[in-house]
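Residue-level structure breakdown
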Amino acid sequence: MKALFEITLAVQLAAFVPLPAAAQPAGLVVTDAWFRSLPGKLPAAGYFSLRSNSGLTLAVTGAESDGCGKLLLHKSSGNGGMSSMAMVDKVTVPPGGTVKFAPGGYHLMCVDPRLKTGSRMPVTLHLSDGSSVIAAFQVHGATGK
Ligand SMILES: [Cu+2]
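This one's a predicted model, so the numbers in the text were calculated from it and none came from an experiment. (Residues numbered from 1 in each chain as written. Predicted model: local features only at pLDDT ≥ 70, side-chain atom pairs only at ≥ 80, totals over all residues. Heavy atoms only, no water.)

**What to know about the overall build of the chain**
Put simply, the rule is: Helical segments are the DSSP runs of H or I of at least four residues, strand segments are the runs of E of at least two, and each set is numbered from the N terminus. Note on exposure labels: buried denotes an accessible area under 20% of the residue type's maximum, exposed denotes more than 50%, and partly exposed covers the range between, all computed with a 1.4 Å probe on protein chains only. Note on areas: these come from Shrake-Rupley sampling with a 1.4 Å probe, and a residue is covered only by the protein chains present in the view.
Counting its secondary structure elements, the chain contains one helix and 10 strands. In the chain, the succession of α and β elements from N to C terminus is α-β-β-β-β-β-β-β-β-β-β. Classification of the 145 residues of the chain by burial places 37% in the buried group. A total of about 8800 Å² of accessible surface is found on the chain, and carbon and sulfur atoms cover 62% of it.

**Some remarks on the state of the cysteines**
Put simply, the test is: The disulfide criterion is simple: two cysteine sulfur atoms within 2.5 Å.
On inspection of all chains with the given rule, the structure shows one disulfide. A sulfur-sulfur distance of 2.1 Å marks the disulfide that ties Cys68 to Cys110. The disulfide joining Cys68 to Cys110 has a torsion of about -105 degrees about its S-S bond and is therefore left-handed. Residue Cys68 is found in the loop between strand E3 (58-64) and strand E4 (71-77), and its partner Cys110 is found in strand E8 (residues 106-110); the two are separated by 42 residues along the sequence. The exposure classification of Cys68 matches that of Cys110, with both residues buried.

**A closer look at the confidence of the model for the chain**
Spelled out, the test is: Values of pLDDT, ranging from 0 to 100, describe the predictor's confidence in every residue of the model. Every residue pair with non-hydrogen atoms within 4.5 Å of one another is taken to be in contact.
Confidence in the prediction for the chain averages 86 pLDDT; 81% of positions are at 70 or higher. Counting contacts from residues 8-13, a segment whose pLDDT is below 50, to residues more than four positions away or on other chains yields zero contacts.

**Some words on the nonpolar core**
The following threshold applies: We define a nonpolar core as any set of buried Ala, Val, Leu, Ile, Met, Phe, Trp, Tyr and Cys residues linked to one another through side-chain atoms lying within 4.5 Å.
By size, the foremost hydrophobic cluster in this structure holds 29 residues, and its most contacted members are Phe35, Phe48, Leu50, Leu108 and Leu125. Each residue touching Phe48, except ones within four places of it in the same chain, is listed here: Val30, Thr31, Asp32, Ala33, Val99, Lys100, Phe101, Leu108, Leu125 and Phe137. Core analysis: the second largest hydrophobic core is formed by five residues, Trp34, Ala45, Leu72 and Met109 among them.

**Quick word on the packing of aromatic side chains**
Stated precisely, the cut-off is as follows: Any two rings among Phe, Tyr and Trp, with Trp reduced to its six-membered ring, count as a pair given centres within 6.5 Å; such a pair is stacked if its planes are under 30 degrees apart, edge-to-face if over 60, and tilted if neither. Over a ring means this: the NZ of a Lys or the CZ of an Arg is within 6 Å of the ring centre and within 35 degrees of the ring normal.
In the structure shown here, the tally under the stated rule is five aromatic pairs. Where Trp34 meets Tyr47, the ring centres are 5.0 Å apart and the plane angle is 50 degrees; that geometry is what we call tilted. Residue Trp34 is found in strand E1 (residues 28-36), and its partner Tyr47 is found in strand E2 (residues 44-52); the two are separated by 13 residues along the sequence. Take Trp34 and Tyr47: they sit in the same class, and that class is buried. Summarising the aromatic geometry, the rings of Phe101 and Tyr106 are spaced 5.6 Å apart at their centres and angled 40 degrees between planes, so their arrangement reads as tilted. Accessibility expressed as a relative area gives 3% for Phe101, which makes it buried. Taken together, the aromatic side chains of Phe35, Phe48, Phe101, Tyr106 and Phe137 make up a single cluster linked through ring pairs. Lying across the ring of Tyr106, Lys75 places its NZ or CZ 5.1 Å from the centre.

Below is the structure:
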């Protein structure tokens, strides 16, 4: 009886031990990833689509890139001439769903950009399950081309 209890406990504990990030398949797939690079030292916005390959709800909890200094999760809101943006802690993607980071909504804010138009810049997205996804973002100019 005691042994059975110990086995049960071990199984329960194992459920809480996170797997190494490398052992996990990517739960989210990034497509159409690009930065809008602006002149001078203006921050650049990063846009992409995020598709879930997972049966679980996953969220993007952070991002980093060598080309950006700080890379923040932002959301624009408002319409007409009054637009503002705010930090978000995470962006949730439902199982099998797609979330778009697009002008007027969610975006990555590349605070201190070192981006060259016409090149590609790798970005790492950190996910809520402890894994991460790396995607190459195409760097476009101010017009998005
Ligand atoms: Cu922003």
